[in-house]
Amino acid sequence: MHMILPEALPPIGHIKKERSAQNDFMQISTINEARNGNGVSRNVRSVIMSVLALPENKKLKENILTSGKVIMRFSGDGRRVTKITCSGVMGTLKLLSENAEDIGMSPMEEHCIYLYEGDESYDYQQKCAINIYEQLKEVSENGIVFDNTNVDVEWYITADWKFTAIILGLSGPCSQYFCAWCECPKERKSDFSVLKWTPRTQERSSLYMGSMGYKKKTLVTADWDNVLVDVLHLFLRVMGKLLNQVVSWTVQQRVQEQLVAEMRRIGVTFRFYSVQGVGCNTSVLKWSDLDGEELKVVLKNLDLTNVLQDMADKSVTQIDALRKPQLIVQLQKHSINTDKLSVAQMKVKLKELIGNSMVSRSETQQTPRVRLSVARLVKLWKEFDSIMEQINSSSDETLETKCRQWAMQFRVVTFDEDVTPYIHALVYHVPQQLIKVRHLKHFCCQGVEKKNHLQNKRYHQGTQKGGRGTLWTKQVMQYENRDMYARLNDYDRTKRHWLSHSNQEEPVYRQIFDENEDL
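It should be emphasised that the depicted structure is a prediction, and the values quoted were computed from it without experimental measurement. (Residues numbered from 1 in each chain as written. Predicted model: local features only at pLDDT ≥ 70, side-chain atom pairs only at ≥ 80, totals over all residues. Heavy atoms only, no water.)

**Student:** Could you clarify how one ought to interpret the packing of aromatic side chains in this entry?
**Tutor:** Both the distance between ring centres and the angle between the ring planes are used here to describe each pair of aromatic rings. The final tally for this structure, using the stated rule, is 21 aromatic pairs. An angle of 35 degrees between the planes, with centres 6.4 Å apart, marks the rings of Phe-74 and Tyr-114 as tilted. Highlighted residues: Phe-74 in strand β3 (residues 69–80) and Tyr-114 in strand β5 (residues 111–117), separated in sequence by 40 residues. Here the two residues Phe-74 and Tyr-114 agree in accessibility, since each one is buried. When the ring of Trp-197 is compared with that of Tyr-428, the centres are 6.5 Å apart and the planes differ by 65 degrees; the resulting orientation is edge-to-face. Taken together, the residues span a long stretch of sequence, with Trp-197 in the loop between α6 (161–167) and α7 (202–207) and Tyr-428 in helix α15 (residues 421–428) at a distance of 231 residues. A single burial state applies to Trp-197 and to Tyr-428, both of which are buried. A network of ring pairs unites the aromatic residues Phe-74, Tyr-114, Tyr-116, Tyr-124, Tyr-133 and Phe-163 as a single cluster. Across from the ring centre of Tyr-124, 4.6 Å away, lies the NZ or CZ of Lys-127, which sits over that ring. Sitting over the face of the ring of Tyr-214, Arg-200 holds its NZ or CZ atom 4.6 Å from the ring centroid. (Phe/Tyr/Trp six-rings, centres within 6.5 Å; stacked < 30°, edge-to-face > 60°. Helix = DSSP H or I, 4+ residues; strand = E, 2+ residues; numbered from the N terminus. Buried < 20%, exposed > 50% of the residue type's maximum accessible area, 1.4 Å probe, protein only. Lys NZ or Arg CZ within 6 Å of the ring centre and 35° of its normal.)

**Student:** Whenever I open this one, helix α17 (residues 446–462) confuses me. Can you help?
**Tutor:** The first and last C-alpha atoms of α17 sit 23 Å apart over 17 residues, in line with the 24 Å expected at 1.5 Å per residue. When α17 is considered as a whole, its buried residues turn out to be Gly-447, Val-448, Lys-451, Asn-452, Gln-455, Asn-456, Arg-458 and Tyr-459. At its buried positions, α17 is contacted by β3, β4 (87–96), β5 and α18 (472–488). (Expected span 1.5 Å × (residues − 1). Contact = heavy atoms within 4.5 Å.)

**Student:** Sorry, what's going on with the pairing of β5 here?
**Tutor:** For a regular strand, the rule is simple: side chains alternate between the two faces of the sheet. By the criterion of burial, β5 is predominantly enclosed, with seven of the seven residues buried. Here three bridges tie strand β2 (residues 39–42) to β5, and the two strands are oriented antiparallel to one another. Counted as the bridge partner of Ser-41 is Tyr-114 from β5. Two elements, β4 and β5, share six bridges in a ladder whose sense is antiparallel. In the sheet register, Met-90 faces β5, and the bridge partner there is Leu-115. (Pairing = 2+ DSSP bridges.)

**Student:** How should the packing of helix α14 (residues 398–413) against helix α16 (residues 430–437) be read in this particular structure?
**Tutor:** At a closest axis distance of 9 Å, the pairing of α14 and α16 adopts a crossing angle of 160 degrees. In terms of orientation, α14 lies roughly antiparallel with respect to α16. In the packing of α14 onto α16, the handedness of the crossing is right-handed. Facing Leu-399, Glu-400 and Cys-403 of α14, the residues of α16 in contact are Pro-431, Gln-432 and Leu-434. Among the residues forming the contact of α14 with α16, the class breakdown is four nonpolar, one polar and one charged. (Axes fitted to C-alpha atoms, helices over the stretch in contact; angles between N-to-C directions. Parallel < 35°, antiparallel > 145°, perpendicular 65-115°, else oblique. Left-handed = near helix turned anticlockwise from the far one by under 90°. Nonpolar A, V, L, I, M, F, W, Y, C, P; charged D, E, K, R; others polar.)

**Student:** Any chance you could explain the nonpolar core here in plain terms?
**Tutor:** As a rule of thumb, soluble globular proteins bury nonpolar side chains together. Formed by 125 residues in total, the largest nonpolar core has its most connected members in Phe-74, Tyr-114, Trp-381 and Trp-406. It is helix α8 (residues 231–253) that contributes the most residues to this core, 12 residues altogether. Listed in part, the 13 residues of the second largest apolar core include Ile-28, Val-40, Cys-445 and Val-448. (Core = buried A, V, L, I, M, F, W, Y, C linked by side-chain atoms within 4.5 Å.)

**Student:** What exactly am I supposed to notice about the packing of α14 against α15 here?
**Tutor:** Helix-helix packing is characterised by the crossing angle of the two axes and by the distance between the axes. The geometry of α14 relative to α15 is characterised by a closest axis approach of 8 Å and an angle of 150 degrees between their N-to-C directions. Side by side, α14 and α15 meet where Glu-400, Cys-403, Arg-404, Trp-406, Ala-407 and Phe-410 of the first sit next to Ile-423, Leu-426, Val-427 and Tyr-428 of the second. Broken down by class, the residue content of the contact of α14 with α15 amounts to eight nonpolar, no polar and two charged.

**Student:** Would you explain the pairing of strand β7 (residues 149–158) in this entry?
**Tutor:** Counting buried positions along β7 gives seven out of 10 residues, so the element sits mostly inside the fold. Bridge analysis of β3 against β7 gives six bridges, and the strand direction is parallel. Within β7, the residue paired with Lys-69 across the bridge is Asp-152. Where strand β6 (residues 144–146) and β7 come together, three bridges link them in antiparallel fashion. Across the sheet, the residue bridging to Val-145 is Asn-150, located in β7. Between β6 and β7, which pair antiparallel one after the other, the connecting turn spans two residues, and Asp-147 there sits at a positive phi close to 55 degrees. Judged from the two bridges that link them, β7 and strand β8 (residues 227–228) form a sheet pairing that is parallel. Residue pairing across strands places Thr-158 opposite Leu-228, the latter belonging to β8.

That is the geometry; function is a separate question.
So this is what it looks like as structure tokens:
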């Protein structure tokens, strides 16, 4: 092709040389402590300066120079790269100004600073990412010099609950002291009469190490007030809980077809299906999992009155409708160890013990409330939709009261045991954090989740997957370097405008081929 089109196509040696130069655009350091030595990182300060130099960040730069401060949001996430052998963890940076509306939430705004093969455990984080966390601390303390102007850097952290607890050295969301922001005990998770719980701080972490949920030394030194709740995961977990409750009552009332039809009406694909138990004849009922966009459609448009009817006793339900916490409670009554059982295996085991009969959840209630009112359930959904809209727009002093009243109503309409850690965070932490940062949705992990997906895609489509002694993490990070280089130099590909075949011009190479019939 180069012989035919010498002006259009450079020699292959020049292409390789240019690719190598772009790969080394920013220095990539190897993390030898990662699994199989397969980990890489980029210098935090270099990434920040490159991001600020991007042409599309002109408005962001103007706002930063005006305010003299840049907001640096760190996030991280793990993923299963392959089904069995390979998992990875990445850390990303996103830059914002005090006027956070000058930047979006796409994965293009998330810039990878480390990527390693391994898991999200504290030990791996301590070995593989501690150097990056020290760089983040140094940048936040000393600031940066941009356009001959000293700019302060304010460091925030937003991630899913598991990742946040790990880097803060805390117990997980299922532990006795579950909360990453306060010292609320697990048994009072659904008690919303308390006005305020004791907040977590770096000082209290050192003072109460080994108790109150402080398991290990924090890996990051950011101000605890700058650790934010991720509103994306908050919505997914709370809305997922609300939908699963409806599905459970649908199974109990045997109106699955009505729910599927209502989902079809609002444009959401949803179905029920049975799975055969391993090594037995017992089947388990399952249903579709919905993503974030589908859950938003369900919250706004699903008409529960077309599906459910009022029930005299909402606490009595079928085994197939039980979720993991309820299954554990039921199996513990029969002295069954559930540590190594999946949800499907728990259902099969419970059915073998008591048959396909109904079970009661009321024994786990502090104050049993048995009647299900569909009208009150509809109101609960609408109020949650209103709260999420307010969180994603702005805040006022009424939000905390509104969240507390909603959580109390959640206990009345559903169950105490269904109060999740994110509902606790919605009441006690989100309103205060929203007042502090004003635009909490711009700190969420929507771009991080998509970035995780894209990097997984690049592993399968754009790397050698570790073959021939290569490091797939390095190849993925080199892709990040080439992408940054292209954006800095305005080399990004633009989608060609579609034309019908009759209106398209013949490609140059086709014209040359036609002129030379010997080819």
